[in-house]
Amino acid sequence: MSSLLRNLAALLSASLLALISTAASALPAAPSTPRILESGRPFMIYGTAWKRSDTSRLVADAIRSGFRFVDTACQPRHYFEAGVGEGWVRAAQELGLSRRDVHLQTKYTAYRGQDPKNIPYDPEASLEDQVRQSLARSLENLKTTYIDSLVLHSPMETHEETMRVWRTFESFVEEGTVRSLGISNCYDLDEFAALYDDAQVKPTWLQNRFYSNSNFDVKLRAYCAERGVHYQSFWTLTANRAALASSEVGEFARSKGLTPQTLMYAFVMRLGHSPLSGTTDGGHMEEDAELMRRVQRGERIFQDDNEVRRMADLLSVPLDDVPPETWRDAPDL
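A few points on the structure. Keep in mind it's a predicted model, so treat the numbers as computed, not measured.

### Considering the packing of helix 3 (residues 55-65) against helix 4 (residues 81-95)
The contact between helix 3 and helix 4 brings their axes to 7 Å, and the two run at 35°. Remark: the crossing between helix 3 and helix 4 carries right-handed chirality. In this structure, helix 3 uses Thr55, Ser56, Arg57, Val59, Ala60, Ile63 and Arg64 to contact helix 4, whose residues at the interface are Gly83, Val84, Glu86, Gly87, Trp88, Arg90, Ala91, Glu94 and Leu95. Of the residues assigned to the contact of helix 3 with helix 4, the class counts are 7 nonpolar, 4 polar and 5 charged.

Structure representation (structure tokens):
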């Protein structure tokens, strides 16, 4: 009897693996991370804040759908970083992906941004050691030997402290543990320019809210474009809900075979930027992934500059203050 049960269990296990393999092969193929970066076309990033115990499942679902860039942080207050590690590994095993096929981005968060009851490093240690301990925890959580992108979650209280963190970041790049660097929540052009000027390893990424309170980072985005810094937008939908709910945006989206939300993402990518999507809805995840595939195929979502201006006007996003080459010469999206 026990032999029969073992054989039955083995048969069920094999059937389940075959089912997973079949389902994975049925998914539309997604370009690999190296190919996406080499294309020069913008992409979307899966954001993992506030996912808690659902993080692992949602990250795996996002990668199955076609996301290849995942954003997290070593900040237990808002992120379950270990869940990101579990999720990407599970999806990669199912889809036959290697580590280089998935871009993992995480952040060092200063003490003031942490939950005092759950800090992922020794708060009594030197600032440099706090950063080192944070990276060590991220590597463990994410089940990897290197980080594709390490981001400073926000500028420190002084430029001197920001540069102390950055110098430690640079040492990780020299060691090969980190591939690229960035900063988030930096809305002051002078502050970002000071970091850029003083950095030996220049920032590759700037990740900010894309909203009217900062005038949509017009000057910062132009500065980044001139220096090859890649702009990532978050809060892209939440901060623009009223505009996206308008009948005009809805009609425009339908004419493109998109929802207002995916049209917004397409617009941000047309400007040359990469938006974060933190959706927990499977249908929306598939819509986002399909948009990415259309972009990566080089499909022209906006037919001409007039359509770009129309969308900008509907969202009240300034274009006249931005050098034309930063959006007119963007890839055909």
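### Here's the deal with the packing of aromatic side chains
In this description, an aromatic ring pair is defined by two values, namely the gap between the centres and the angle between the planes. Across all of its chains, the model carries 13 aromatic pairs by this definition. The interplanar angle of 40° and the centroid separation of 5.8 Å between the aromatic rings of Trp166 and Phe169 together place this pair among those described as tilted. With Trp166 and Phe169 both in helix 6 (residues 159-175) and 3 residues apart, the pair spans about one turn of that helix. The class for Trp166 is buried, based on a relative accessible area of 0%. Ring centres of Phe267 and Phe302 lie 6.3 Å apart, and the angle between their planes is 70°; this geometry places the pair in the edge-to-face category. Linking Phe267 in helix 11 (residues 260-270) with Phe302 in the loop between helix 12 (282-296) and helix 13 (305-315), this pair joins segments that are 35 residues apart in sequence. Of the two residues, Phe267 and Phe302, both sit in the buried class.

### Things to note about the pairing of strand 4 (residues 149-152)
Alternating positions in strand 4 separate into two faces, Ser149 and Val151 on one and Leu150 and Leu152 on the other, with burial throughout. Traced from strand 3 (residues 103-108) through helix 5 (residues 127-141) to strand 4, the parallel crossover comes out right-handed. Pairing geometry for strand 4 and strand 5 (residues 181-184), over 3 bridges, is parallel. Bridge pairing in strand 5 places Val151 opposite Gly182.

### What to know about helix 11
Among the 11 residues in helix 11, 10 count as buried, and that is most of the element. All buried positions along helix 11 are accounted for by Pro260, Thr262, Leu263, Met264, Tyr265, Ala266, Phe267, Val268, Met269 and Arg270. Contact partners of the buried residues in helix 11: strand 7 (230-234), helix 9 (241-244), helix 10 (247-255), strand 8 (274-277), helix 12 and helix 13. Looking one or two residues past helix 11, Gly272 carries a phi angle of roughly 95°, positive in sign.

### Quick look at the pairing of strand 6 (residues 205-209)
The element strand 6 is largely enclosed, with a buried count of 4 among its 5 residues. Pairing analysis gives 3 bridges linking strand 5 to strand 6, with the strands arranged parallel. In the strand pairing of strand 6, Ile183 is matched with Leu206. What joins strand 5 to strand 6 is helix 7 (residues 189-198), and the crossover it makes is right-handed. Where strand 6 and strand 7 come together, 5 bridges link them in parallel fashion. Bridging across to strand 7, Asn208 finds its partner in Ser233. This β-α-β element, strand 6 to helix 8 (residues 218-227) to strand 7, shows right-handed connectivity.

### Focus on the environment of Met285
Structurally, Met285 is set in helix 12. Residue Met285 is classed as buried on the basis of its relative accessible area of 2%. Distance in space between the C-alpha atoms of Met285 and Ala62 is 6.6 Å, their sequence separation being 223 residues. Ignoring sequence-local partners within four residues, the contact set of Met285 consists of Tyr46, Leu58, Asp61, Ala62, Ser65, Phe67 and Thr279.

### Remarks on empty space enclosed by the protein
Under the criterion given, the structure shown has 2 cavities of 30 Å³ or more. Computed from the structure, the largest cavity encloses a volume of approximately 70 Å³. Every residue lining the largest cavity is listed: Ala30, Pro31, Ile36, Phe43, Gly66, Ala289, Met292, Arg293 and Gln296. Here the lining of the largest cavity gets 4 residues from one element, more than from any other, and that element is helix 12. Residue composition of the lining of the largest cavity, grouped by class: 6 nonpolar, 2 polar and 1 charged. Its boundaries defined by the atoms lining it, the second largest cavity holds a volume of some 30 Å³. Along its surface, the second largest cavity is lined by Lys107, Tyr108, Val131, Ser134, Leu135, Ser138, Leu150 and Phe172. Contributing elements (two or more residues each) for the lining of the second largest cavity: strand 3 and helix 5. In terms of residue count, the dominant contributor to the lining of the second largest cavity is helix 5 (4 residues). Class assignment for the residues of the lining of the second largest cavity results in 5 nonpolar, 2 polar and 1 charged.

The rules behind these values
- Residues numbered from 1 in each chain as written.
- Predicted model: local features only at pLDDT ≥ 70, side-chain atom pairs only at ≥ 80, totals over all residues.
- Heavy atoms only, no water.
- Axes fitted to C-alpha atoms, helices over the stretch in contact; angles between N-to-C directions.
- Helix = DSSP H or I, 4+ residues; strand = E, 2+ residues; numbered from the N terminus.
- Left-handed = near helix turned anticlockwise from the far one by under 90°.
- Contact = heavy atoms within 4.5 Å.
- Nonpolar A, V, L, I, M, F, W, Y, C, P; charged D, E, K, R; others polar.
- Phe/Tyr/Trp six-rings, centres within 6.5 Å; stacked < 30°, edge-to-face > 60°.
- Buried < 20%, exposed > 50% of the residue type's maximum accessible area, 1.4 Å probe, protein only.
- Right-handed = clockwise from strand over helix to strand, strands pointing away.
- Pairing = 2+ DSSP bridges.
- 1 Å grid on protein atoms, 1.4 Å probe; cavity = no way out; pocket = protein on both sides within 12 Å on 5 of 7 lines; lining within 4 Å.
- Points joined across faces, edges and corners; volume = space filled by probe spheres on them.

Just distances and angles here, no functional claims.
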